[in-house]
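Survey of secondary and tertiary structure
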Amino acid sequence: MASGIIIIDKPAGWTSMDVCAKLRGMFHEKRVGHAGTLDPMATGVLPVFIGRATRAVEFAAGSDKEYIAGLKLGVVTNTQDTTGEVLEERPVDVTRDQLLAALERFTGDIQQLPPMWSAVKVNGKKLYELARKGKEVERRPRPVTIRALEVLDGPEAGADFVLRVVCSKGTYVRTLCHDIGQALGCGGCMSSLRRVKAAGFTLEDSVGLEAVQAAVDRGEGESLLLPVDEYFARSGWRAKATVRPAAEKKLRNGAFVATPGVEGEFRVYSQSGEFLGLGSSEGARLRLIKSFFEV
């Protein structure tokens, strides 16, 4: 039974759920989930969790993300990217220094209004479903954090720039591009998006869907799966603790294990090296708060 993490370099034109559906068929496993949605036009790092490893999605989905984004000034669209309907075109007279000054206003903790073309729900309805019907509803700004925002490429004065963005969960990079354009007075939208890091994994860890299919056809698909504890190790999730067989049996049965003088949260392993789960020790008693062994 397949279980583990595979880092996909998502191709353009695919939704994140399209990728999960494809992998579900390849590995013959119903339990498949991803850590962080990418829009169809976007490419890059999409961590996908398969089998028992899907229990880690709730942790990984909240991680910071890093993107390389194209910013196109002078164009405003209904989707806030170049796939949408053009609403306005304005002349652009923006220098790199003016752009850099504007970026400072969008660094740190900011408020971001979710775009109508998004999966955010208002009164039980996804915004993009309403947008398809030509409706626009009131949305509330949401707090997000932009940890890094810089210009990687572009002219000294012009309309097309390349940005590097490191941001918190829930950030819409296309909304960021739109808002930067508004701040500069000429409007703007996102022209491209490539995610280069998510959940601690990078493009160097990723593999294309064609390569996965080829490996599956050779009967080697599971060799591409990383163990689920690789995510927790990379994210620095607490210390590693190894338990003896008697304690392992108790933990597998949902019981507590005495841990005199030990407090905190741990990645818990058996003596044979099997990752059992995430444990918490309080009052000198250790228990698993999330198990990852097959039952």
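You'll find the structure just up there.
Scope of this entry: the structure provided in the associated data block. (Residues numbered from 1 in each chain as written. Predicted model: local features only at pLDDT ≥ 70, side-chain atom pairs only at ≥ 80, totals over all residues. Heavy atoms only, no water.)

1. Quick notes on the nonpolar core
Among the nonpolar cores identified, the biggest contains 42 residues, and Ile 6, Ile 8, Leu 23, Phe 27 and Val 48 are the most heavily contacted of them. If you tally residues by element for this core, the top one is helix 1 (residues 16-27), at five residues. Not counting residues up to four positions away in its chain, the partners in contact with Leu 23 are Ile 6, Ile 8, His 28, Val 48, Leu 209 and Val 212. By size, the runner-up hydrophobic cluster in this structure holds 20 residues, among which are Ala 53, Ala 198, Ala 199 and Tyr 269. (Core = buried A, V, L, I, M, F, W, Y, C linked by side-chain atoms within 4.5 Å. Buried < 20%, exposed > 50% of the residue type's maximum accessible area, 1.4 Å probe, protein only. Helix = DSSP H or I, 4+ residues; strand = E, 2+ residues; numbered from the N terminus. Contact = heavy atoms within 4.5 Å.)

2. Side note on the packing of aromatic side chains
A ring pair, where both rings are aromatic, is described by two values, the distance of the centres and the angle of the planes. Enumeration over the complete set of coordinates arrives at seven aromatic pairs. Centroid distance Phe 275 to Phe 292: 5.4 Å. Interplanar angle 20°. Geometry classified as stacked. Of the two residues, Phe 275 is situated in strand 17 (residues 275-282) and Phe 292 in the segment after strand 18 (285-291); the sequence distance between them amounts to 17 residues. Per residue, the accessibility class of Phe 275 equals that of Phe 292, and both read buried. An aromatic cluster of three or more residues is present, and its members are Phe 59, Tyr 231, Phe 232, Trp 237, Tyr 269, Phe 275 and Phe 292. (Phe/Tyr/Trp six-rings, centres within 6.5 Å; stacked < 30°, edge-to-face > 60°.)

3. Section: helix 5 (residues 173-184)
Relative to the 16 Å expected for 12 residues at 1.5 Å per residue, helix 5 spans 17 Å between its end C-alpha atoms, a close match to the ideal helical length. Along helix 5, the positions that sit buried rather than exposed are Val 173, Arg 174, Thr 175, Leu 176, Cys 177, His 178, Ile 180 and Gly 181. Positive phi shows up at Gly 185, right after helix 5, with a value of about 85°. (Expected span 1.5 Å × (residues − 1).)

4. With respect to helix 8 (residues 245-252)
For helix 8, the complete set of buried residues consists of Ala 247, Glu 248 and Leu 251. Angular distribution of buried residues about the axis of helix 8 spans 105°; they occupy a single face of the element. Residues of helix 8 that are exposed and angled more than 90 degrees away from the buried face: Pro 245, Ala 246 and Lys 249. Summarising the contacts, the buried residues of helix 8 are in contact with strand 14 (239-243), strand 15 (257-258), strand 16 (264-270), strand 17 and strand 18. Immediately beyond the C-terminal end of helix 8, within one or two residues, lies Gly 254, with a positive phi of roughly 85°. (Arc of directions from axis to C-beta.)

5. Here's the deal with the sheet that holds strand 17
Two modes of strand pairing occur in sheets, parallel and antiparallel, and in both the strands are linked by backbone hydrogen bonds. With respect to topology, five strands assemble into an open sheet ordered 14-16-17-18-15, the strand pairing being mixed. Bordering the open sheet on either side are strand 14 and strand 15, each of which pairs with just one other strand. Inspection of the sheet shows strand 17 paired to strand 18 by six bridges, in the antiparallel sense. Across the sheet, Ser 280 pairs through a bridge with Arg 287, a residue of strand 18. Against the sheet, helix 8 touches strand 14, strand 15, strand 16, strand 17 and strand 18, its axis set at about 105° to strand 14. (Pairing = 2+ DSSP bridges. Axes fitted to C-alpha atoms, helices over the stretch in contact; angles between N-to-C directions.)

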